[in-house]
Amino acid sequence: MNRISHVLRVAALGAGLSLSVLTPAAAQALPPPEVAARSYILVDMTSNQVLAERNADAPAEPASLTKLMTAYLTFVALKEKRLTLETRLPVSERAWAERKGGGSLMFIDPKMTPTVDELLRGTIAVSGNDSSVALAEGVGGSVENFVAMMNRQAQAWGLKNTSFKNATGLTEAGHSSTARDLAVIAQRIIRDFPDRYPYYSLKEYTFNNIRQDNRNLLLRRDPTVDGMKTGFTEAAGYCLIASAQRDFPNGKRRLLSVVMGTDSMQARANESQKLLNWGYTAFDAVRLFEAGKPVATVPVWKGAANEARLVGDGAVYVSVPRGEGDKLKTTVERTDPLVAPLAKGQRVGTLKVTTSAGTPVAQVPLVVADEVPQAGLLGRAWDAIRLWIQ
């Protein structure tokens, strides 16, 4: 591995992705607030870094946060055109029977054929267990098949601490997740389906002349909060995933908090607000490189080109303690020697970022910006001799 170290002076704020992060983001930041919850995590989606966490990998009942995956798989079905928002779905006796469970309801019955759009609103805005079952049956053919789809998707994302047993989040043996895993699911909705994310900002929903408020109190309290989902069972306590996007001089910045196991509806809102406010005030999101701008230009052996540009996957951002952003140390570690052929997008190195005090901040995968084919026979032979001499 070859190392290239230098110091960058940076000042821009903005929104972007592409970091493989070290967590927590920085030990020198203001300490996080006391959070009255069994577990929590705060993610800066601008830099893809965890800013704070406690017991984020502890098993916990997800309650209606489960419905994030229910909605995600419905969004996939819409994208794949297996359903449309106007598709009408039957209401089975099983969905109707959710009225006996004592949980949240959209209040559908077997005489109705609500649209997918209506069922999504009922599932997301008012957390209907009946609407969740109707979507599960409409997308998966049966609840059992749908739950298997939920678990396959969780496995595909590497969520080793998540196991779904139903599509609603009601307490059931083995139905479990963690704050960290739920943060991943929430982020996938925001990133993969930005056109569907506005469902999560609905403050209320009326169906069949029954009006219900969204129980995410932050939607009415903080104008920068635009989602996501509440949950409650006796075993899980009061849970909330909240996402906010705030404007800064040079761009927008999105944070996402997951708070699990609080004592009340007010408490989950208050603790989430604490975390979001702390994240915005304790950290700056700093843009290191524009999208497509080379992080390094390095020599290539046996190639049709003598050099290769190394870039991040899009713009490169990091979150650092406020006041630390004007001077960051970066180190490029890469394969050396770098021998053609090289494919566009091939990973060949890592950009390591630290604060001026040496605190690790992030690691950014570096890939080849442009394909570098092999040189001709003479060129390869000449470089082979040069490498042997070295």
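All chains use their own residue numbering, which begins from 1 and follows the written sequence. Given that this is a predicted model, residues contribute local features only at a pLDDT of at least 70 and side-chain atom pairs are listed and counted only at 80 or more, while totals for whole chains, interfaces and linings are drawn from all residues. As a rule here, side-chain values come from all non-hydrogen atoms in the structure, and water together with hydrogens is ignored.

### A look at the confidence of the model for the protein chain
Logical step 1: A residue's pLDDT is the confidence the predictor assigns to it, expressed on a 0 to 100 scale. A residue-level look at the protein chain finds 88% of positions with pLDDT of 70 or above and a mean pLDDT of 88.
Logical step 2: Between residues 3–27, whose pLDDT stays under 50, and residues either more than four places distant or in other chains, the model counts 104 contacts. We call two residues contacting when some pair of their heavy atoms lies within 4.5 Å.

### Here we look at the packing of aromatic side chains
A ring pair, where both rings are aromatic, is described by two values, the distance of the centres and the angle of the planes.
Logical step 1: Note on aromatic contacts: the rings of Phe and Tyr and the six-membered ring of Trp form a pair at centre separations within 6.5 Å, being stacked when their planes are under 30 degrees apart, edge-to-face when over 60 apart, and tilted otherwise. Tallying each qualifying case throughout the model produces nine aromatic pairs.
Logical step 2: An angle of 25 degrees between the planes, with centres 4.2 Å apart, marks the rings of Phe-232 and Tyr-238 as stacked.
Logical step 3: Residue classification places Phe-232 among the partly exposed positions, given a relative accessible area of 35%.
Logical step 4: Following the ring pairs from residue to residue traces out a cluster consisting of Tyr-72, Phe-75, Trp-157, Phe-193 and Tyr-199. Each residue is assigned to one of three classes by its accessible area relative to the maximum for its type, calculated with a 1.4 Å probe on protein chains only: buried under 20%, partly exposed between the two thresholds, exposed over 50%.

### Side note on the pairing of strand β9 (residues 251–262)
Logical step 1: Runs of E in the DSSP output that reach at least two residues are strands. Runs of H or I that reach at least four are helices, and both are numbered from the N terminus. For β9, a buried count of 10 out of 12 residues is recorded, marking the element as mostly surrounded by other parts of the structure.
Logical step 2: Where strand β3 (residues 39–44) and β9 come together, six bridges link them in antiparallel fashion. If you follow Val-43 over to β9, its bridge partner there is Leu-256.
Logical step 3: By definition, two strands form a pair when at least two bridges between them are found by DSSP. In this structure, strand β8 (residues 237–248) lies alongside β9, joined through 10 bridges in antiparallel fashion. Pairing of Phe-248 across the sheet is with Gly-251, part of β9.

### Re the pattern of salt bridges
Logical step 1: Whenever a carboxyl oxygen of Asp or Glu lies within 4 Å of a side-chain nitrogen of Lys or Arg, that contact is scored as a salt bridge. According to the stated counting rule, one finds 20 salt bridges in the structure shown.
Logical step 2: With a closest N to O distance of 3.8 Å, Arg-196 and Asp-195 form a salt bridge.
Logical step 3: By relative accessible area, which is 17% here, Arg-196 ends up buried.
Logical step 4: In this structure Asp-195 comes out as exposed when scored by relative accessible area, which is 53%.
Logical step 5: In this structure, the salt-bridge partner of Arg-220 is Asp-213, at a minimum N-O distance of 3.6 Å.
Logical step 6: For Asp-213, a relative accessible area of 36% puts it in the partly exposed group.
Logical step 7: The network of salt bridges with shared partners includes Glu-204, Arg-211, Asp-213 and Arg-220.

### Things to note about the environment of Leu-68
Logical step 1: In this structure, Leu-68 sits in helix α1 (residues 67–79).
Logical step 2: Expressed as a C-alpha distance, the spacing of Leu-68 and Ala-186, which sit 118 residues apart in the sequence, is 6.7 Å.
Logical step 3: Residues within four places of Leu-68 in sequence aside, it is in contact with Leu-182, Ile-185, Ala-186, Ile-189, Tyr-200, Met-228, Lys-229 and Ile-241.

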